[in-house]
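Commentary on secondary and tertiary structure
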Amino acid sequence: MSNKILKILVTGANGQLGKCIQDVAKSYPQFNFHFKTSKDLNISEKEQLGALFDQEKYDFCVNCAAYTAVDKAETEKDKAYLVNAEAVRYLAEVCKEQNCVLIHISTDFVFDGNKTTPYTEEDIPNPINVYGASKLKGEQYIHEILEKYFIFRTSWVYSEYGNNFVKTMLHLGKEREVLSVVNDQIGSPTYAGDLAKLVLGIIEVNSNKYGLYHYSNEGKISWYEFATEIFKQKGLKTKVNPIATEEYPTPARRPLYSVLDNSKIKERFKLEELTLSKIISNLNI
Ligand SMILES: NC(=O)c1ccc[n+]([C@@H]2O[C@H](COP(=O)([O-])OP(=O)(O)OC[C@H]3O[C@@H](n4cnc5c(N)ncnc54)[C@H](OP(=O)(O)O)[C@@H]3O)[C@@H](O)[C@H]2O)c1
């Protein structure tokens, strides 16, 4: 692949990660990116995928498409599985036929949250909600079908785009004087722009260190602490009350602890400058 121009398909291009990849792609004029939004390409439509892959020969497929409505997934199980599992199987199959490397994103929500130390790739997943289970099924298809793939499990993604906790807090913070936020769910907020840099960095080095990796920004925090930090950095006076998960019932259960251990990805790739930001160092949203 050394001297040819790499052709890269990016699905779900209008999501948080998709948009951040579009931004970072500006630094990679040497690559030929094909960005496809959900309207351009519905990955759940096997025929659409087949037709596209008949027409184009891709070197990499970055799957940013996903069903990410964690609570809604509890009542839309079929939809969640269609996008997060079956469509991922279709993608893996077309990638296999074309010898295309699949870069797929998964989630900390594959774990049950019963640990108290960071989750490694060796830990056994045990999802406690439909979203997590559907994402795990997608991972399993990739493991079964492909050899040339990267799965990056990430957590608590935020960015200047789409819907995320930071944007919700900033919106609520302008409307309300007091907010209650759960203080007993611990994780690592991850800036989608850093994940985008990681993905394109991996393509740039054309690595063959395929497999499953955990990747998040470094550090851990509760949602309450995260909200407090967001308001502090943005100079908002909103008061935040810490509450327990039981006091804020949601349709989907969430792991109480889902910090990911980044050791493997750090050891295998030289990431320091590329992407290993500290949590909440990217709140300039
Ligand atoms: N957000 C988080 O906190 C978080 C945490 C851990 C892991 N992740 C994973 O990280 C990845 C990126 O997440 P994100 O936050 O960027 O998600 P996002 O903002 O919700 O974007 C997902 C995109 O996928 C598109 N999509 C949905 N169904 C599709 C289909 N059938 N065909 C094509 N496109 C489809 C959506 O399009 P429409 O808008 O048109 O529906 C949307 O643009 C996902 O794999 C997610 O599971 C996210």
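A few points on the structure. (Residues numbered from 1 in each chain as written. Predicted model: local features only at pLDDT ≥ 70, side-chain atom pairs only at ≥ 80, totals over all residues. Heavy atoms only, no water.)

Overview of the sheet that holds strand β3 (residues 60–63)
With respect to topology, 6 strands assemble into an open sheet ordered β2-β1-β3-β4-β5-β10, the strand pairing being parallel. The open sheet is flanked by β2 (32–35) and β10 (211–214), the only strands paired with a single partner. Recorded for the sheet is a direction-independent mean angle of 20° between the axes of neighbouring strands. Seen against the sheet, helix α1 (residues 16–25) touches β1 (7–11), β2, β3 and β4 (101–107) and runs at an angle of roughly 155° to β2. Taken strand by strand, helix α3 (residues 77–98) contacts β3 and β4, and its axis lies near 170° from that of β3. (Pairing = 2+ DSSP bridges. Helix = DSSP H or I, 4+ residues; strand = E, 2+ residues; numbered from the N terminus. Axes fitted to C-alpha atoms, helices over the stretch in contact; angles between N-to-C directions. Contact = heavy atoms within 4.5 Å.)

A few points about the pattern of salt bridges
A complete count under the given rule lists 12 salt bridges for this structure. Here Glu-56 and Lys-7 are joined by a salt bridge, their closest N and O atoms 2.6 Å apart. Here Glu-56, found in the loop between α2 (46–55) and β3, pairs with Lys-7, found in strand β1; they are 49 residues apart in sequence, far enough to count as distant. Looking at Glu-56, the relative accessible area reads 18%, which means it is buried. A salt bridge links Glu-93 to Arg-89; the nearest nitrogen and oxygen atoms lie 3.4 Å apart. Residue Glu-93 and its partner Arg-89 are both found in helix α3; the two are separated by 4 residues, about one turn of the helix. For Arg-89, a relative accessible area of 23% puts it in the partly exposed group. Put simply, Lys-46, Glu-86, Arg-89 and Glu-93 are held in one network by salt bridges that share partners. (Salt bridge = Lys/Arg side-chain N within 4 Å of Asp/Glu carboxyl O. Buried < 20%, exposed > 50% of the residue type's maximum accessible area, 1.4 Å probe, protein only.)

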